[in-house]
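What follows is the residue order along each chain.
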Amino acid sequence: MSPARPLAPALARSALAVTITWLCLAAASPGVGAPAEEASGAGAHYDVVIGGGTVYDGSGSPPFVGDVALRGDRIVYVGPHAPGSASERVEARGKAVAPGFINMLAHPEESLIADGRALSDLRQGVTLEVLGEDSMGPLTPEMKRHARERQADIHYTVDWTTLGEYLHKLERHGIAPNVASFVGAGTVRTNVLGERDVQPTAAQLERMRTLVRQAMEEGALGVTTALIYSPNQYARTPELMALASESARCGGIYSVHMRSEGDRLLEAAQETIDIARASGAPAEIYHLKAAGRGNWGKLDALIHEVEAARAAGIRITADMYVYTAGATGLDAAMPPWVQDGGLEAWIRRLQDPAVRARVLAEMRDPAPPWENLYGAAGAAGTLLLGFKNPQLKPLTGKTLAEVAKMRGVSAEDAAIDLVIQDGSRVAVAYFLMSEENVRRELALPWVSFDSDADAPAPEGVFLKSSRHPRTYGNFARLLAEYVREEKLLSLEQAIHKLTALPVATLSLADRGMLKAGDFADVVVFDPATIQDHATYEHPHQLATGVDEVWVNGVRALRAGAATGAASGRAVLGRAWTGAAGGGCRASAREWTWSP
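Visitor: Can you lay out the side chain of Glu239 for me, pointing to particular residues and giving the numbers?
Guide: Looking at the element boundaries, Glu239 is found in helix 8 (residues 237-248). Here the side chain of Glu239 touches Arg189 through a polar contact of 3.0 Å, side chain to side chain. Residues in contact with Glu239, not counting those within four places in the same chain, are Arg189, Gln199, Pro200, Leu205 and Met208.

If you want it as structure tokens, here you go:
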């Protein structure tokens, strides 16, 4: 079976829409057990029949033993026994057969350029990577220059300008998983305002709205932001409401790393609800958590706030990773004002003794007015994961406390020195969350799952830096630890939260279910043996237990080994103008939203 055809340049999109049915097109999809009419006869012929497996269709209903048949890029039969013949039959007896898993917040923007296999996720059954928090377009010449200069282990040419052009680049490059992307509110802010702490004029805000609309018509799923990072955090609520409203009239949702996950968690959740209400569209909370020991007890109030909004008709959903540490950079340890103007301006300021003294004092403040993840985790709870400077790479895997002791300085001084010496934000993990809360959150019916990580392989350039173990293990850990061992969810519930739930959240069509007519994104795994192996000490370890993966009907994983097929496509949002019925509308009320 040949790989999926790459997306053609913009001028050919409309013609391709005739032969490639995108997610934003409506398609008839008969239910489970009801094969497509063309496949119903004994003379039907399939490309692949996955036979005798325990079929979990993604709906959350109990499984059944039966067959799943594929032809081209579609599922054409799901039921007890596929009639007719097949070019290939894959025996799945004793295994689970499920829709491909969806990573609701992924960061393989660079790793896919280096290695299109996305092996860390493919080996866990992930077939769709959803890119968020920021986006790879639209870019200005200055943004392109910064992107080149700030590259670390992975080096690449920034030969695109718009988000749509970046997605086309991935398809031309050849990737195993499907990819979808939001457009970054912080990205369009930087495009218009730079990385400064300034507020837009009416004309500038209108330009930002135009950029959001253009990205939505190129296929973005909605607008996204990460409000603890500069320059995103300089945006005030009315600006975010304006951009979310523009996205909403283009059929997209608002997704957010909230302004606080710790000391001001409930206030941040209320801001998210207010933005969803103002836009008329749903909102998705990224990596749901209550961060910092002093905030663990706020989970009940957070859940109540979200569920009250949902009961009032404002659809709020969330995603999460199943670990007690987050991973980000040392920028989350320093105040926003020192980062005004971007990375280079931040580093220059830190070299001023007076500025350094002020930053040190604010880092040590037990109750700062900004989100201080270092303050919540402590020096011993801050693990160094990645450096740009080769001379600093031997410090990888040490805690900030250990490095401070080695150097004979305070932990705060060590953090500042590392940022200056590395010329980067320095990748770190912060231990912030409660295991009890993780268990409670993952069972919530409106929560799906994310890795919040790139998609590397345990080889080559990826071994130059460490990773959070969620990179290699989040989805396998869910199924092994919390489903098989602790039984906090049934397997059919967990698969629903990995497949059909995120599809409904993102307003996609024709994926997320094993259903005749849907795209053939299928995973076969062993529920008894699926297992994560990545640890904080040794993160570059692939999960095991996933045997076979098809993406758009193309075999991406065979007997646990990547085939190297370019099976992935860009999954485009509802306003994509290359599809019939695409384009933005007058308001969010003209779109249908899942409950």
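Don't stop here, the text continues.
Visitor: Describe in detail the pairing of strand 20 (residues 554-558), supporting the description with residues and values.
Guide: The element strand 20 is extensively covered by neighbouring structure, given that four of its five residues are classed as buried. The sheet contact formed by strand 19 (residues 546-551) and strand 20 spans three bridges and is antiparallel. Pairing of Val551 across the sheet is with Val554, part of strand 20. Adjacent in sequence and paired antiparallel, strand 19 and strand 20 are bridged by two residues, among which Asn552 carries a positive phi angle near 55°. Examined bridge by bridge, strand 20 and strand 21 (residues 561-562) share two bridges and lie antiparallel to one another. In the strand pairing of strand 21, Leu557 is matched with Ala562. With antiparallel pairing between neighbouring strands as the criterion, strand 20 and strand 21 make up a hairpin whose turn holds two residues, including Ala559 at a positive phi of roughly 50°.

Visitor: Break down the confidence of the model for the protein for me, with residues and values.
Guide: Residue-level pLDDT values for the protein average 93, and 93% of them are 70 or greater. Contacts of residues 1-40 to residues separated by more than four positions or lying in other chains number 92 contacts, the stretch itself having pLDDT below 50.

Visitor: Describe the sheet that holds strand 8 (residues 178-181), naming the residues involved and giving the relevant values.
Guide: If you trace the three strands from one edge of the open sheet to the other, you get 6-7-8, paired in parallel fashion. Each having just a single partner strand, strand 6 (101-106) and strand 8 make up the two edges of the open sheet. Across the sheet, the axes of successive neighbouring strands diverge by a mean angle of 20°, strand direction being ignored. Across four bridges, strand 6 lies against strand 7 (residues 126-131) in parallel orientation. When the sheet's bridge partners are listed, Ile102 is paired in strand 7 with Leu128.

Visitor: Can you break down the sheet that holds strand 14 (residues 325-329) residue by residue, with the values?
Guide: Read from one edge to the other, the open sheet built from three strands follows the order 14-16-15, with strand pairing classed as antiparallel. Each end of this open sheet is capped by a strand with a single partner; those strands are strand 14 and strand 15 (382-386). For this sheet the average axis-to-axis angle between neighbouring strands, irrespective of direction, equals 30°. As defined by bridge partners, strand 14 adjoins strand 16 (residues 427-431) across five bridges and the pair is classed as antiparallel. Paired with Ala325 across the two strands is Phe431, which belongs to strand 16.

Visitor: Give me the lowdown on helix 7 (residues 202-217), citing residues and values where you can.
Guide: Here helix 7 spans 23 Å end to end across 16 residues, near enough to the 22 Å set by a 1.5 Å rise per residue. Within helix 7, burial applies to Leu205, Met208, Thr210, Leu211, Val212, Ala215 and Met216. Buried positions along helix 7 lie against helix 5 (163-173), strand 9 (183-184), helix 6 (185-193), strand 10 (222-226) and helix 8. One or two residues past the end of helix 7 sits Gly219, with phi positive at roughly 120°.

Visitor: Which residues make up the nonpolar core, and what are the values?
Guide: Formed by 146 residues in total, the largest nonpolar core has its most connected members in Met334, Leu418, Tyr430 and Phe525. Among the elements that take part in this core, helix 17 (residues 470-485) stands out by supplying seven residues, more than any other. The residues touching Phe525, leaving out its near neighbours within four places in the chain, are Lys95, Ala96, Ala98, Phe101, Leu479, Leu491, Ile495, Ile530, Gly545, Val546 and Asp547. Residues Ile102, Leu105, Leu221 and Ala281 belong to the second largest nonpolar core, which totals 19 residues.

Visitor: Give me the lowdown on the packing of helix 14 (residues 400-407) against helix 15 (residues 411-422), citing residues and values where you can.
Guide: At a minimum axis distance of 9 Å, the contact between helix 14 and helix 15 shows a crossing angle of 90°. On the basis of the axis angle, helix 14 is roughly perpendicular to helix 15. Across the interface between the two elements, Leu400, Val403, Ala404 and Arg407 of helix 14 pack against Ala411, Ala414, Ala415, Asp417, Leu418 and Gln421 of helix 15. Looking at the contact of helix 14 with helix 15 residue by residue, the classes come out as seven nonpolar, one polar and two charged.

Visitor: Tell me about the state of the cysteines, and name the residues and values.
Guide: Tallied over the full model, the rule gives one disulfide. Through a disulfide, Cys250 is tied to Cys584; the S-S separation comes to 2.0 Å. Note on the Cys250 and Cys584 pair: the S-S dihedral is about 100°, so by sign convention the disulfide is right-handed. Separated by 334 residues along the polypeptide, Cys250 in the loop between helix 8 and strand 11 (253-257) and Cys584 in the segment after strand 21 bring together distant segments of the chain.

Visitor: Please provide a residue-by-residue account of the packing of aromatic side chains, values included.
Guide: Inspection of the entire model under this criterion finds four aromatic pairs. Ring geometry for Phe101 versus Phe525: centroids 6.0 Å apart, planes at 65°, classification edge-to-face. Separated by 424 residues along the polypeptide, Phe101 in strand 6 and Phe525 in strand 18 (residues 522-525) bring together distant segments of the chain. Using a relative accessible area of 0% as the deciding quantity, one classes Phe101 as buried.

Visitor: Now, about the pattern of salt bridges: what can you tell me, with residues and values included?
Guide: Scanning all chains against the criterion turns up 37 salt bridges. In this structure, the salt-bridge partner of Glu149 is Arg145, at a minimum N-O distance of 3.3 Å. Remark: Arg145 and Glu149 occur in helix 4 (residues 141-149); sequence separation between them is four residues, near one turn of the helix. When its relative accessible area of 43% is taken as the criterion, Glu149 is described as partly exposed. In this structure, Glu412 engages Arg364 in a salt bridge whose closest nitrogen and oxygen atoms are separated by 3.3 Å.

So, how was this worked out
- Residues numbered from 1 in each chain as written.
- Predicted model: local features only at pLDDT ≥ 70, side-chain atom pairs only at ≥ 80, totals over all residues.
- Heavy atoms only, no water.
- Helix = DSSP H or I, 4+ residues; strand = E, 2+ residues; numbered from the N terminus.
- Polar contact = N/O pair within 3.5 Å; in protein donor to acceptor, adjacent residues only side chain to side chain.
- Contact = heavy atoms within 4.5 Å.
- Buried < 20%, exposed > 50% of the residue type's maximum accessible area, 1.4 Å probe, protein only.
- Pairing = 2+ DSSP bridges.
- pLDDT = per-residue confidence, 0-100.
- Axes fitted to C-alpha atoms, helices over the stretch in contact; angles between N-to-C directions.
- Expected span 1.5 Å × (residues − 1).
- Core = buried A, V, L, I, M, F, W, Y, C linked by side-chain atoms within 4.5 Å.
- Parallel < 35°, antiparallel > 145°, perpendicular 65-115°, else oblique.
- Nonpolar A, V, L, I, M, F, W, Y, C, P; charged D, E, K, R; others polar.
- Disulfide = S-S within 2.5 Å.
- Phe/Tyr/Trp six-rings, centres within 6.5 Å; stacked < 30°, edge-to-face > 60°.
- Salt bridge = Lys/Arg side-chain N within 4 Å of Asp/Glu carboxyl O.

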